[in-house]
Amino acid sequence: MRRWTGPVPRLAYVTDAGDNETGYYNWVLRTMTHPRTGEPLAWQRVVDFYHTMERVWTMAGALFGEGTPAARGWARRMGGLLKKPNGPFRVLHAAAAIRSRRVLSPAAKKEYETAYRYIRERTPWMPYHEYKRRHLPLESGITEAACKTIFTQRLKLSGMRWTKAGAQVILDLRVMLLSGVWCEGYRHVLTTYAENELRTPEPQHEIPMQMAA
């Protein structure tokens with residue numbers, strides 16, 4: 001962003017809404033400022049649609065019976081309703097109307113109330129209809145898939161151990177390869193080789209790891 005001179009890109013934070021994710025949003029992202037202007041960065045927080053649907057399925061199971069055709073049908077209808085204007089409120093209203101006619105077991109009641117409260121407390125970050133209109137991502141699947149493709153498949157094979165410096169070198173090369181810019185990057189290195197001294201990262205002293213049982 002120090003080199004970017006155009007309009008500030010739209011910044012979206014798409015995650016579940018647990019304590020860790022919420023804490024990171026409140027204490028890290030919301031405190032970030034533009035590196036050139038010093039103005040606060042405006043983040044659009046999005047509660048991952050998949051995680052919201054998990055709560056819808058939980059309510060469906062509590063209201064209609066886990067795995068029943070009625071539960072599956074209701075959950076699918078609510079999934080479509082979530083992406084309509086005022087979707088979260090309409091889903092909660094529909095769930096509350098059915099709940100008023102049901103006598104739930106203590107376990108089912110607890111599951112229903114937990115899922116219902118999750119959606120109710122996070123509705124400000126669930127206007128999926130508006131997000132879709134603005135072409136914002138509704139789910140974090142693409143990011144999680146990138147993490148698996150770039151990091152996990154390369155760095156977490158059997159017996160591998162990495163220093164931060166060594167892993168960063170491999171990841172830089174892997175991103176170039178997967179992004180389809182390997183040839184361009186290679187040519188850039190060749191043309192700037194005389195200007196840069198290519199050095200192997202200095203070895204770092206690591207804290208000895210204890211053997212795990």
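Preceding block: the structure.
In this report, the structure presented in the accompanying data block is examined. (Residues numbered from 1 in each chain as written. Predicted model: local features only at pLDDT ≥ 70, side-chain atom pairs only at ≥ 80, totals over all residues. Heavy atoms only, no water.)

### Side note on helix H3 (residues 69-82)
In plain terms, the rule: Only DSSP runs of H or I with at least four residues qualify as helices, and only runs of E with at least two residues qualify as strands; both kinds are numbered from the N terminus onward. A helix is expected to reach a length of 1.5 Å times the quantity of its residues less one. Whether a residue is buried, partly exposed or exposed follows from its accessible area with a 1.4 Å probe, protein chains only, as a fraction of its type maximum: under 20%, in between, or over 50%, in that order. Directions pointing from the helix axis toward each C-beta atom define the arc. Contact criterion: two residues are considered in contact whenever any of their non-hydrogen atoms come within 4.5 Å of each other.
Compared with an ideal rise of 1.5 Å per residue, which puts 14 residues at 20 Å, H3 spans 20 Å between its outermost C-alpha atoms and is within 8% of the ideal. The set of residues buried in H3 consists of Ala71, Trp74, Ala75, Met78, Gly79, Leu81 and Leu82. One side of H3 holds all its buried residues, which, seen down the axis, span an arc of 160 degrees. Among the exposed residues of H3, those oriented more than 90 degrees off its buried face are Pro69, Arg76 and Arg77. Buried residues along H3 sit in contact with helix H2 (49-64), helix H4 (87-99) and helix H6 (128-133).

### Section: the pairing of strand S1 (residues 11-15)
Condition: Strand pairing is defined by DSSP finding a minimum of two bridges between the two strands. A crossover counts as right-handed when, viewed with the strands pointing away from the observer, the path leading from the first strand over the helix to the second turns clockwise.
With four of five residues buried, S1 is to be regarded as a mostly interior element. Here S1 runs beside strand S2 (residues 43-47); their pairing, made up of five bridges, is parallel. Bridging across to S2, Ala12 finds its partner in Gln44. Once the chain exits S1 it traverses helix H1 (residues 19-27) before rejoining the sheet at S2, and the crossover so formed is right-handed.

### Thoughts on the environment of Lys132
Among the structural elements, Lys132 can be located in helix H6. Separated by 48 residues in the primary sequence, Lys132 and Lys84 place their C-alpha atoms 9.8 Å from one another.

### Digging into the nonpolar core
Heads up, the condition is: Among buried residues, those of type Ala, Val, Leu, Ile, Met, Phe, Trp, Tyr and Cys that are joined through side-chain atoms within 4.5 Å constitute a nonpolar core.
Grouped together as the largest cluster of nonpolar side chains are 34 residues, with contacts concentrated most on Val56, Met59, Trp74, Tyr112 and Tyr128. Contributions of two or more residues to this core are made by S2, H2, H3, H4, helix H5 (106-121) and H6. Top element by residues in this core is H2. It accounts for seven residues. Other than its neighbours up to four places away in sequence, Trp74 contacts Val56, Met59, Ala60, Leu63, Phe64, Ala94, Ala95 and Ile98.

### Quick notes on the pattern of salt bridges
Formally: In the sections that follow, a salt bridge refers to a side-chain nitrogen of Lys or Arg positioned within 4 Å of a carboxyl oxygen of Asp or Glu.
In total, this model carries three salt bridges according to the counting rule given. A salt bridge links Arg133 to Glu130; the nearest nitrogen and oxygen atoms lie 2.5 Å apart. Of the two residues, Arg133 and Glu130 are both situated in helix H6; the distance of three residues between them amounts to about one turn of the helix. Accessibility expressed as a relative area gives 53% for Arg133, which makes it exposed.

### Observations concerning a positive patch on the surface
Short version of the rule: Each patch is built from residues that are more than 30% exposed by relative accessible area and take part in no salt bridge. Like charges join if they lie within 9 Å; nonpolar side chains (Val, Leu, Ile, Met, Phe, Trp, Tyr) join within 5 Å. We get accessible surface area from the Shrake-Rupley algorithm with a probe of 1.4 Å; when it comes to residues, only the shown protein chains can shield them. His is not counted, nor are the chain ends; Lys and Arg add positive charge and Asp and Glu add negative charge. All charge positions are set by atom: Lys at NZ, Arg at CZ, Asp at CG, Glu at CD.
Taken together, the side chains of Lys83, Lys84, Arg90 and Lys132 define a basic patch exposed on the protein surface. On the accessibility criterion, Lys83 (31% relative accessible area) is partly exposed.

### Considering the side chain of Thr52
Along the chain, Thr52 falls in helix H2. Taking the relative accessible area as the measure of exposure, Thr52 reaches 0% and is therefore buried. Residues contacting Thr52, with those up to four places away along its chain left out, are Val47, Leu82, Ile119, Met126 and Tyr128.

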